[in-house]
Amino acid sequence: MNQPSIAHQIRQSLLDRFLSYVAIDTQSDPKSTSYPSTEKQFTLLRLLHDQLLELGVTSVSLEPKGYVLAQISATAGYEDRPALGLIAHVDTSPDFSGQDVHPQIIEDYAGEAIPLGTTAELTAREFPELMELLGHTLITTDGTTLLGADDKAGVAEIMEAVRYIMAHPELPHGKICIGFTPDEEIGAGVDHFDVKKFGADFAFTVDGGREGELEYENFNAASAKVVATGRSIHPGYAKGKLVNAIEVIYLLHASLPHYARPEFTEGYEGFYHLTHFSGDVERAEAEYIIRDHNRGLFEEKKTYLEQIAAEINAAYKRPVIQVEIKDSYYNMYDQVAPHAEMIERAKQAMTLAGVTPRISPIRGGTDGARLSYMGLPCPNLFTGGANFHGKYEYASLDTMCRAVETLVHLVTEA
Ligand SMILES: [Zn+2]
């Protein structure tokens, strides 16, 4: 007799759990000065804390800064195995409302347009990835809010994996560490994360999108602030005297490679992105972000910007332009690479769950990238959600089920 798959066994429970989590508004707030940024995130954090205890996990804590940390001890005889962590964030994006989320459930999706209330439609014409989900059960918004699959899909999947593992003590495993974090969407998700207390040797964030996504490369990132100081002189009598701060910034900008910009790059191609400009003849300011997966090319991009500024100053024979560059985060790859066996393990877990691994570089940063440089190597895994941060957000229940099955295979020892 064939045993029903894990994905099949947890399906209804996962759906109910996900719907109950998205019903809780956990939007974070970039303008807040408290941590976590919004008190309402504690509603879900407290619930997760209590539910982990109910599932029989004995070591669970809710930290004052808004982290739920839990540990499931290793099966007897498996204490020497690496301690693996699973992490997801409870907050939703400040970009779109997460209040009164009323999901729609579309069974057996056949490629049709899905109305999102009266004002919008989710169509495969606009979102061709939907054609990979024919026959799936989709969970969408009603057009008035985001869905919150980012990252409540990840939260629900980790909780279902825990439930399954606790109900199957015959499945041996090393120590398993669970972490739920606040404020990821405002870039502060791991500000107070206690890597030591978390207790894992290696972890995964469950915060990706499409089925099979496994991400362990992200950008190296820096920001640059450029200030030009001009000298305003009557333009009729300006020869040899006027310094136009706007022109100075323009010189710098025009010297950057024209096609190394976000709108012309993809994959592993890095860029300079002008995010702000303001100014007049007397003073002008520009801000850039600089991105590259390759650390060497990243350093070169930064150096090049400084070099152009130095050339401009030399040409004007006075310090008309100043560049200040600050690193933001680095590619996690350098931290993950020494643990290649963990990437293999993740791929194998997917294969066991009937999922084809899809490895691609992240063109951004993740909490996992920051954790990787805090001593916890931390790639990212798919959740089954898509179109995050707006009303077109949706999730595939079928993919979510396979994510749970992947997690179970990932943290248990077959
Ligand atoms: Zn997320």
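Reading guide: rules and limits
- Every chain begins its residue count from 1, and numbering advances along the sequence as written.
- Selection of residues for local features in this predicted model requires a pLDDT of at least 70, selection of side-chain atom pairs for listing and counting requires 80 or more, and totals for whole chains, interfaces and linings are taken over all residues.
- Values shown for side chains rest on all heavy atoms present in the structure; no hydrogens or waters enter the calculation.
- Numbering of helices and strands runs from the N terminus; a helix is a DSSP stretch of H or I covering at least four residues, while a strand is a stretch of E covering at least two.
- Whether two residues touch is decided by their heavy atoms; if any such pair falls within 4.5 Å, the residues are in contact.
- Note on areas: Shrake-Rupley, 1.4 Å probe, and residue coverage restricted to the protein chains presented here.
- Positive residues here are Lys and Arg, negative ones are Asp and Glu, while His and the chain termini are left out of the count.
- Taken as the charge centre is NZ of Lys, CZ of Arg, CG of Asp or CD of Glu, depending on the residue.
- Donor atoms (N, O, S) are those found within 2.8 Å of the metal centre, with the cutoff raised to 3.2 Å for Na, K and Ca; water is not part of the atom list, so apparent gaps in a site can occur.
- By the criteria applied here, four donors are tetrahedral when all angles lie between 85 and 135 degrees, four are square planar and six octahedral when opposite donors are over 155 degrees apart and every other angle lies between 65 and 115, and any other arrangement is irregular.
- Pairing of aromatic rings covers Phe, Tyr and the six-membered ring of Trp, with a centre-to-centre limit of 6.5 Å; geometry is then stacked below 30 degrees between planes, edge-to-face above 60, and tilted otherwise.
- As used here, the term nonpolar core means buried Ala, Val, Leu, Ile, Met, Phe, Trp, Tyr and Cys residues forming a set that is joined through side-chain atoms within 4.5 Å.
- Each residue gets one of three labels from its accessible area relative to the maximum for its type: buried under 20%, exposed over 50%, partly exposed in between, using a 1.4 Å probe on protein chains only.
- DSSP bridges decide pairing: two strands pair if at least two such bridges lie between them.
- Inter-axis angles, ranging from 0 to 180 degrees, are taken between N-to-C directions of lines fitted to C-alpha atoms, where helices are fitted over the stretch in contact.
- Here the bounds of each domain stem from an automatic or database domain assignment.
- Here the quantity called buried area is the accessible surface, traced with a 1.4 Å probe, that two parts lose on coming together, added over both.
- Each reported salt bridge corresponds to a side-chain nitrogen of Lys or Arg within 4 Å of a carboxyl oxygen of Asp or Glu.

(A) Highlighting the overall build of the protein. Assigned secondary structure in the protein consists of ten helices and 18 strands. Taking the principal axes of the C-alpha coordinates as reference, the protein spans close to 90 × 55 × 40 Å. At a minimum sequence separation of 6, the contacts of the protein that also span at least 24 residues come to 79%. With the model as given, the accessible surface of the protein reaches about 18400 Å², and the carbon-plus-sulfur share is 51%. The centroid of the 34 positive side-chain charges in the protein is displaced by 8 Å from the centroid of its 59 negative side-chain charges.

(B) Local environment of the coordination of the zinc ion. Protein coordination at the zinc ion comes from His89 (NE2), Asp150 (OD), Asp207 (OD) and Asp207 (OD), with a distance range of 1.9 to 2.6 Å. Given four donor atoms and angles of 53 to 147° at the metal, the environment of the zinc ion is assigned as irregular. Between the donor residues of the zinc ion, the gaps in sequence give the motif H-x60-D-x56-D. Taken as a pair, His89 in strand S3 (residues 84-89) and Asp207 in the loop between strand S9 (202-206) and strand S10 (213-215) lie far apart in primary sequence, 118 residues in all.

(C) Spotlight on the packing of aromatic side chains. Inspection of every chain in the model, using the stated rule, returns nine aromatic pairs. Judged by centre distance (5.5 Å) and plane angle (85°), the rings of Phe219 and Phe271 are edge-to-face. In this pair, Phe219 is assigned in the loop between S10 and strand S11 (220-229) and Phe271 in strand S12 (residues 271-279), connecting sequence segments 52 residues apart. Connected via pairs of aromatic rings, a cluster forms that spans Tyr35, Tyr67, Phe193 and Phe198.

(D) Looking closely at the nonpolar core. Judged by nonpolar contacts, the single largest core of 68 residues is most densely connected at Phe18, Leu52, Ile158, Phe180 and Leu410. For this core, the element with the highest residue contribution is helix H3 (residues 149-167), accounting for ten residues. Not counting the four nearest positions on each side in its chain, Phe18 is found in contact with Ile139, Leu147, Gly148, Ala149, Lys152, Ala153, Ala156 and Met400.

(E) Examining the sheet that holds S3 more closely. Strand order in the open sheet formed by eight strands is S1-S2-S8-S3-S9-S16-S10-S15, with mixed pairing between adjacent strands. Looking along the sheet, the strands with just one partner apiece sit at the ends: strand S1 (59-62) and strand S15 (358-359). Examined bridge by bridge, S10 and S15 share two bridges and lie parallel to one another. Bridge pairing links Glu213 to Arg358 in S15. Across the sheet, helix H2 (residues 41-54) touches S1, strand S2 (68-72) and strand S8 (176-181), and the angle it forms with S1 is around 165°. Each of S3, S8, S9 and strand S16 (380-381) is contacted by helix H10 (residues 397-411), which is oriented at about 150° to S3, the strand it contacts most.

(F) Quick look at the domain arrangement of the protein. Each domain of the protein was delimited in the assignment, giving domain 1 (6-217 + 331-411) and domain 2 (221-329). Taking only C-alpha atoms, the centre of domain 1 and the centre of domain 2 are 39 Å apart. Contacts between domain 1 and domain 2 engage seven residues on the former and eight residues on the latter. When domain 1 packs against domain 2, close to 770 Å² is buried across both sides, 47% of that on carbon and sulfur atoms. It is Asn331, Pro361 and Arg363 in domain 1 that bury the most area against domain 2; as a group they hold 61% of the surface buried on that side. The interface formed by domain 1 and domain 2 includes zero salt bridges.

(G) Examining the environment of Thr119 more closely. Topologically, Thr119 is positioned in the loop between strand S5 (114-116) and strand S6 (120-122). As a C-alpha pair, Thr119 and Gly143 span 24 residues in sequence and 7.2 Å in three-dimensional space.

(H) Structural detail: the pattern of salt bridges. By the definition in use, this model includes 20 salt bridges. A salt bridge links Glu160 to Arg17, with the nearest nitrogen and oxygen atoms 2.7 Å apart. Here Glu160 is found in helix H3, whereas its partner Arg17 is found in helix H1 (residues 6-22), with 143 residues between them in sequence. Residue class for Glu160 comes out buried when judged on its relative accessible area of 0%. A residue is classified by how much of its surface remains accessible, and Arg17, at 11% relative accessible area, is buried. The partner of Lys225 in a salt bridge is Glu285, and the shortest N-O contact between them spans 3.9 Å. One end of the pair, Lys225, is in strand S11; the other, Glu285, is in strand S13 (residues 283-292), with 60 residues separating them in the sequence. Given a relative accessible area of 18%, Glu285 falls into the buried group.

(I) Just unusual backbone geometry, in detail. Here the residue pair Tyr35 and Pro36 is connected by a cis peptide bond, since its omega of -5° sits within 30 degrees of zero. Relative to the assigned elements, Pro36 resides in the loop between H1 and H2. Here the amide bond leading from Asp150 into Asp151 is cis, since omega sits at 5°, within 30 degrees of zero. Among the structural elements, Asp151 can be located in helix H3. Of note, the phi angle at Asp108 is positive, near 50°, even though the residue is not glycine. One non-glycine residue, Asn387, adopts positive backbone phi at about 50°. Given a relative accessible area of 21%, Asn387 falls into the partly exposed group.

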